[in-house]
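Fold and contact review
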Amino acid sequence: MIRRPPPGRPYGESRESALKQTPMGRLSKNAIVAGGAATFQRIFTRLGCLGKPPEFSVEFYPYAGLTHTVRVRNETAHVRVSDVLRGAPTAVIEGIAAILLARLYKRRAPVEMQLDYRSFAATALMSSRMQRLRKRRARNRGTVSRGRWHDLNMLYDRLNAAYFGGEMRRPSLAWSVRAWRRQLGCFDGALGQILLNRRLDREDVPEFAVEYVLYHEMLHQKHPLRLVAHCRLQSHSPAFRREERRYAHYQRAARFLKRLR
Ligand SMILES: [Zn+2]
């Protein structure tokens, strides 16, 4: 990257806390677990729970992880299943029913009833975490490579041909959603993405200045230190600096960017 972003910035990750606080009863219809109530009735019987079974209301709920809850009120058992398990087969819902009802009625849930749940849950949790992470990152980051004034894909290909023998693989290129205060560009090795500060996508910013910032990030792509995620500060070795000066308009671009407001 060029220049350091202020701490905690520039992406300002938002969390889905609003969803977590949705009060009971305000969930939309599509949150209902299909066949969930019948499954819970069945497991209630199979575990030999005593007394009259409650009515079951079984819904998916956007818990952050693998949390499932049951609360009995007015002869209705309100079950919330983590929506990480959306699309899970019946055997998995049976496993959750066994675990929750066993806890509620002080019964023992046979291990074999939980097996499908345990294995499904581990995989589902992993992939849902990855998905959320990717979505959040994508949302907070760039838009398209073609800006109002400068087209990053075109510039990348040209630089690639001129300085890298065409051997660089073009990553995803984008302009930042918002203008950053200090950082001009960044290469995120973990995501395989180069972002440039939207502030550079202006008529009064000459192409050589944009190109220089892009060239700099391409050097980071060429010489990855490690996987640098979230555009953290990357160091520049003397060799890196030497290579950077190979850019034809290096002096001019550096001078221009120094004055840029
Ligand atoms: Zn850098």
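First, a word on what this report is: a plain description of the structure on this page. Quick caveat, the model's predicted, so the values are computed rather than measured.

With that settled, the discussion passes to the overall build of the protein chain. The helix and strand inventory of the protein chain stands at 8 helices and 6 strands. Along the chain direction, N to C, the helices and strands of the protein chain fall in the order α-α-β-β-β-α-α-α-β-β-β-α-α-α. Expressed as a percentage of contacts within the protein chain between residues at least 6 apart in sequence, the contacts between residues at least 24 apart total 60%.

Another point: the nonpolar core. The biggest cluster of nonpolar side chains holds 26 residues, and the ones touching the most others in it are Phe40, Val79, Val81, Val92, Ile96, Ala97 and Leu101. Those elements that place two or more of their residues in this core are helix H2 (36-46), strand S1 (55-61), strand S3 (76-82), helix H3 (90-105) and helix H4 (111-140). Ranked by residues supplied to this core, first place goes to H3 with 7 residues.

Here the phi dihedral of asparagine 74 falls at roughly 50°; this positive angle occurs in a residue that is not glycine. On the secondary structure map, asparagine 74 appears in the loop between strand S2 (68-73) and S3. When the 7 C-beta atoms within 10 Å are taken as the criterion, asparagine 74 is described as exposed. A positive phi angle, near 65°, is found at glutamate 75, a position not held by glycine. Classification of glutamate 75 by C-beta neighbours within 10 Å gives exposed; the count is 9.

Attention now moves to the sheet that holds S2. With mixed pairing, the 3 strands of this open sheet are ordered in space as S1-S3-S2. Of all the strands in the sheet, just S1 and S2 have a single pairing partner and so form its edges. Adjacent strand axes in the sheet meet at a mean angle of 15° when their direction is disregarded. In terms of strand pairing, S2 meets S3 through 6 bridges, oriented antiparallel. Paired with threonine 69 across the strands is arginine 80, a residue of S3. Sitting on the sheet, H2 is in contact with S1 and S3, with an inclination near 125° to S1. H3 contacts S2 and S3 of the sheet and is inclined by roughly 50° relative to S2.

What you see with strand S6 (residues 193-196) is no split at all: Gln193 and Leu195 on one side and Ile194 and Leu196 on the other are buried throughout. Summarising the sheet, strand S4 (residues 172-175) and S6 pair through 4 bridges and their orientation is parallel. By the bridge assignment for S6, leucine 173 is matched with isoleucine 194. Between strand S5 (residues 185-188) and S6, which pair antiparallel one after the other, the connecting turn spans 4 residues, and glycine 192 there sits at a positive phi close to 65°.

Turning to the sheet that holds S5, a few remarks are in order. If you trace the 3 strands from one edge of the open sheet to the other, you get S4-S6-S5, paired in mixed fashion. What marks the edges here is a single partner per strand, and that holds for S4 and S5. Looking at each pair of strands side by side, their axes are set apart by 15° on average, direction ignored. Running over the sheet, helix H6 (residues 207-222) touches S5 and S6 and is turned about 25° from S5.

Now for the packing of H2 against H3. Where H2 contacts H3, the axes come no closer than 9 Å and their chain directions differ by 55°. Looking at the two axes, H2 sits oblique to H3. For the crossing formed where H2 meets H3, the hand is right-handed. Of the residues in H3, those touching H2 at Gly36, Thr39, Phe40, Ile43 and Phe44 are Thr90, Ile93, Glu94, Ala97, Ala98 and Leu101.

Moving on, we get to the environment of glutamate 243. The residue glutamate 243 is located in helix H7 (residues 238-244) in this model. Its 17 C-beta neighbours within 10 Å are what place glutamate 243 among the partly exposed residues. Once the C-alpha coordinates of glutamate 243 and leucine 219 are considered, the two residues, 24 residues apart in sequence, prove to be 8.0 Å apart.

Definitions and cut-offs
Residues numbered from 1 in each chain as written. Predicted model: local features only at pLDDT ≥ 70, side-chain atom pairs only at ≥ 80, totals over all residues. Helix = DSSP H or I, 4+ residues; strand = E, 2+ residues; numbered from the N terminus. Contact = placed C-beta atoms within 7 Å. Core = buried A, V, L, I, M, F, W, Y, C linked by C-beta atoms within 7 Å. Buried ≥ 20, exposed ≤ 12 C-beta atoms within 10 Å, placed from the backbone. Pairing = 2+ DSSP bridges. Axes fitted to C-alpha atoms, helices over the stretch in contact; angles between N-to-C directions. Parallel < 35°, antiparallel > 145°, perpendicular 65-115°, else oblique. Left-handed = near helix turned anticlockwise from the far one by under 90°.

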